[in-house]
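Residue-level structure breakdown
Below, each chain spelled out in residue letters.
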Amino acid sequence: MTAVGELAVPLPQRRPSIDWSRPIFVLLAIILAVLVILPLGWLGYYSITDQAGHFTLANFVALASDPTLRRPFVVAIGMALSVGALSCVIATPLAWLVARTDMPGRGVVRGLVTASFVTPPFLGAIAWEILAAPNSGIINSIYRSIFGLQPYEYLLDIYTLEGLVFAISCYTFPYVFTLVTNALERVPNELEEASSILGGGLWRTLRKITIPLVLPAMLAGALIAILQALTMFGSPAILALPANFHVITTKIWSLFQYPPKPGLAAAAAMPLLIVTILLLWTQRRILGRRGYTTLGGKSGAPRITALGRWRWAAVAFTVFVLSLTVILPYLALLKTALTRTVAEPLTWESFTLHHVWFVFFEFSATQLALRNTFLLGFMTATFGTLIALVVAYLVSRQTVRGVSLLGYLATAPVAIPGIVLGVGLFLSYSSPILPLYGTLWILFIAFLTIEMPAGYQQLSSAFKSVHVELEEAGRILGATRMETLRTITAPLLRSNVVATWCFIFIGTIRELSATILLTTADTKLVSVIIYDLNESGDLGAISVLGIMLLVISFAVVYLANRLPLLGGARVGPARG
């Protein structure tokens with residue numbers, strides 16, 4: 001108490017409070033360790049033991065000696081490298097046209113590239129199956145009709161290795177596009193202006209200045225595309241298996257068919273895990289060493305190239321790319337959903353809502369799959385965002401000694417391919433000790449693990465925009481760290497939190513690689529139903545379900561990007 005004149009003024013008393021940072025740190029460390037380390041531990045155990053539990057290297061010897069196991073690795077690596085190269089060929093000129101030229105409709109192009117990102121790759125593969133299957137494909141039917149050819153003659157065959165590379169590239173090039181576009185927008189215009197002053201033309205400036213500066217981003221994007229192709233299950237299962245060849249992900253899945261060989265599947269998953277870690281390490285090294293410095297002040301706006309008479313050629317190229325990756329596949333799905341057969345043209349006479357009625361009112365599995373999918377999507381997005389928010393806060397503010405461990409654990413699943421995680425979770429939770437296989441809980445664990453890195457990275461970046469002094473003011477007034485997070489920081493980051501929730505939700509409802517190994521008849525999801533229907537050839541029902549997934553995904557993206565509450569948060573092809 002302090003005397004001021006004749007008055008006694010009491011000093012504000014700081015109420016006692018408990019700092020929950022350390023207990024929450026310990027709890028989150030245990031949760032993340034269980035999510036990441038447990039499935040990998042069981043994976044390693046099964047790979048080096050036999051059915052009796054004795055140590056053996058027989059599984060790895062079989063991988064090296066059996067050509068039916070060796071060949072899928074070789075095919076997958078060749079396929080992934082081809083996807084990386086083709087993604088760069090597609091994305092790099094498109095990124096330059098969007099970021100550095102006066103080509104009309106650049107904003108529309110960015111939006112349609114985002115559509116490629118939102119489209120599940122397995123759904124894109126089915127769309128190209130509808131378009132380019134040798135017998136029933138729409139393009140081949142039109143080709144035969146125009147030239148009066150026999151039913152067995154065709155122009156395109158999507159059931160080839162080249163067709164698989166093309167179909168996957170349609171949905172991996174957005175990763176390269178995003179990185180290269182961002183790099184092009186950051187290239188200092190002074191360097192290009194200097195080249196022009198010294199007599200360098202457009203192509204010489206591109207070759208000598210612009211391309212070398214964006215090459216690291218291009219290589220990093222190519223590595224992401226390679227990684228996506230290497231670890232993908234859906235597209236190869238849809239296009240490679242009918243062509244009678246395997247890649248490593250489909251081979252691992254086949255090892256769980258009757259009779260199951262879990263030890264061999266675990267051993268086959270280990271090299272894929274190691275290659276994934278090496279690719280991610282290389283990609284981060286490339287981006288980490290990338291850089292340039294502008295001397296003499298802030299760099300100006302990017303230098304925009306006037307295309308002149310080449311403008312409409314650029315538009316034609318852009319329309320061609322977007323037609324192959326977005327427009328034609330979407331139209332094929334819509335047309336197939338509204339006609340009786342794939343080859344039948346869409347007219348008033350052929351128009352039908354039979355597939356819509358069948359999917360929502362006659363097909364008994366649909367209601368269960370929809371309920372499971374959206375329940376898991378909501379749960380994963382909610383709990384994943386909450387955990388990512390708290391982990392990102394603890395790590396960014398360094399609240400507890402050793403808290404960086406949480407960051408490593410939250411990021412680690414990005415190096416685990418979905419099919420590998422599925423194998424690890426199957427082996428972990430199908431034992432009598434933890435009997436979760438056959439329940440939605442094992443799928444919830446899988447989705448939470450897969451989506452954690454994306455949620456953590458987004459929110460970790462967001463915390464850098466909130467100055468720590470705001471939280472310190474709350475601490476001075478007696479609030480704990482968790483209270484300042486709840487009352488000060490989280491409201492300031494509400495746009496990022498909602499965007500992260502939407503991002504995780506979309507990722508969950510489109511996941512197939514891990515899901516395919518973990519679902520049973522009672523836990524089917526929409527993605528698995530689509531895959532099962534493709535096995536039976538019901539492309540009309542697939543199209544209805546696929547369009548429903550796309551509509552929901554785009555609605556979520558639209559809400560995340562447009563609602564005034566969100567203050568400009570963006571959901572787009574930043575993942576990976």
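Residues numbered from 1 in each chain as written. Predicted model: local features only at pLDDT ≥ 70, side-chain atom pairs only at ≥ 80, totals over all residues. Heavy atoms only, no water.

1. Some details on the overall build of the chain
Within the chain, the secondary structure is distributed over 25 helices and two strands. Counting across all 576 residues of the chain, residues that qualify as buried make up 52%. Taking the contacts inside the chain whose residues are at least 6 apart along the sequence as the reference set, 76% of them involve residues at least 24 apart. In the form shown here, the chain has an accessible surface area of approximately 26800 Å², with 67% of it arising from carbon and sulfur atoms. (Helix = DSSP H or I, 4+ residues; strand = E, 2+ residues; numbered from the N terminus. Buried < 20%, exposed > 50% of the residue type's maximum accessible area, 1.4 Å probe, protein only. Contact = heavy atoms within 4.5 Å. Areas by Shrake-Rupley, 256 points an atom, 1.4 Å probe, with all protein chains shown as cover.)

2. Some points on helix 16 (residues 364–397)
Here helix 16 spans 50 Å end to end across 34 residues, near enough to the 50 Å set by a 1.5 Å rise per residue. With its phi angle positive at about 50°, Gln-398 sits one or two positions after the end of helix 16. (Expected span 1.5 Å × (residues − 1).)

3. A few points about the confidence of the model for the chain
Taken residue by residue, the chain gives an average pLDDT of 85. The fraction at 70 or more is 84%. Of all secondary-structure elements in the chain, the lowest mean pLDDT belongs to strand 1 (residues 2–4), at 48, while helix 7 (residues 161–169) reaches the highest, 96. Confidence drops under a pLDDT of 50 for residues 1–7, and excluding neighbours within four residues, the segment shows seven contacts in the predicted structure. Ignoring residues within four places in sequence, the model shows residues 290–298, a span with pLDDT below 50, making 14 contacts including any to other chains. (pLDDT = per-residue confidence, 0-100.)

4. Notes on the packing of aromatic side chains
Summed over the entire model, instances satisfying the criterion amount to 19 aromatic pairs. Aromatic side chains Tyr-143 and Phe-147 sit 5.3 Å apart centroid to centroid with 55° between the ring planes, which places their arrangement in the tilted category. Taken together, the positions of Tyr-143 and Phe-147, both in helix 6 (residues 138–147) and four residues apart, correspond to about one turn of that helix. Since its relative accessible area comes to 56%, Phe-147 is described here as exposed. (Phe/Tyr/Trp six-rings, centres within 6.5 Å; stacked < 30°, edge-to-face > 60°.)

5. As for the pattern of salt bridges
Summed over the entire model, instances satisfying the criterion amount to four salt bridges. Note that Arg-311 and Asp-102 form a salt bridge whose closest N and O atoms lie 2.9 Å from each other. With Arg-311 in helix 14 (residues 311–337) and Asp-102 in the loop between helix 3 (67–100) and helix 4 (106–118), the pair connects residues that are 209 residues apart, well separated along the chain. We classify Asp-102 as partly exposed; its relative accessible area is 23%. (Salt bridge = Lys/Arg side-chain N within 4 Å of Asp/Glu carboxyl O.)

6. Digging into the side chain of Thr-515
Here Thr-515 lies in helix 23 (residues 515–518). Since its relative accessible area comes to 1%, Thr-515 is described here as buried. Beyond its immediate chain neighbours, meaning those up to four positions away, Thr-515 contacts Leu-443, Phe-447, Leu-525, Ser-527 and Val-528.

7. Topic: the nonpolar core
In this structure, Ile-252, Val-391, Leu-406 and Ile-516 are the most contacted members of the largest nonpolar core, which totals 175 residues. The greatest single-element share of this core, amounting to 16 residues, is contributed by helix 3. Beyond its immediate stretch of four places on either side in the chain, Val-391 contacts Leu-28, Leu-32, Leu-406, Ala-410 and Tyr-456. (Core = buried A, V, L, I, M, F, W, Y, C linked by side-chain atoms within 4.5 Å.)

8. Observations regarding helix 24 (residues 526–536)
Because each turn of an α-helix spans 3.6 residues, side chains separated by three or four positions in sequence point in the same direction. The element helix 24 is largely enclosed, with a buried count of eight among its 11 residues. Within the span of helix 24, buried status applies to Val-526, Ser-527, Val-528, Ile-529, Ile-530, Tyr-531, Leu-533 and Asn-534. Gly-537 sits one or two residues past helix 24 and shows a positive phi near 80°.

9. Regarding a nonpolar patch on the surface
A grouping of Leu-346, Trp-348, Phe-351 and Leu-353 is seen on the molecular surface, where their side chains present a nonpolar patch of about 500 Å² in accessible area. For Phe-351, the position within the fold is in the loop between helix 14 and helix 15 (354–362). Taking relative accessible area as the criterion, Phe-351 reaches 38% and is therefore assigned partly exposed. (Patch = residues over 30% accessible without salt bridge, like charges linked within 9 Å, V, L, I, M, F, W, Y side chains within 5 Å.)

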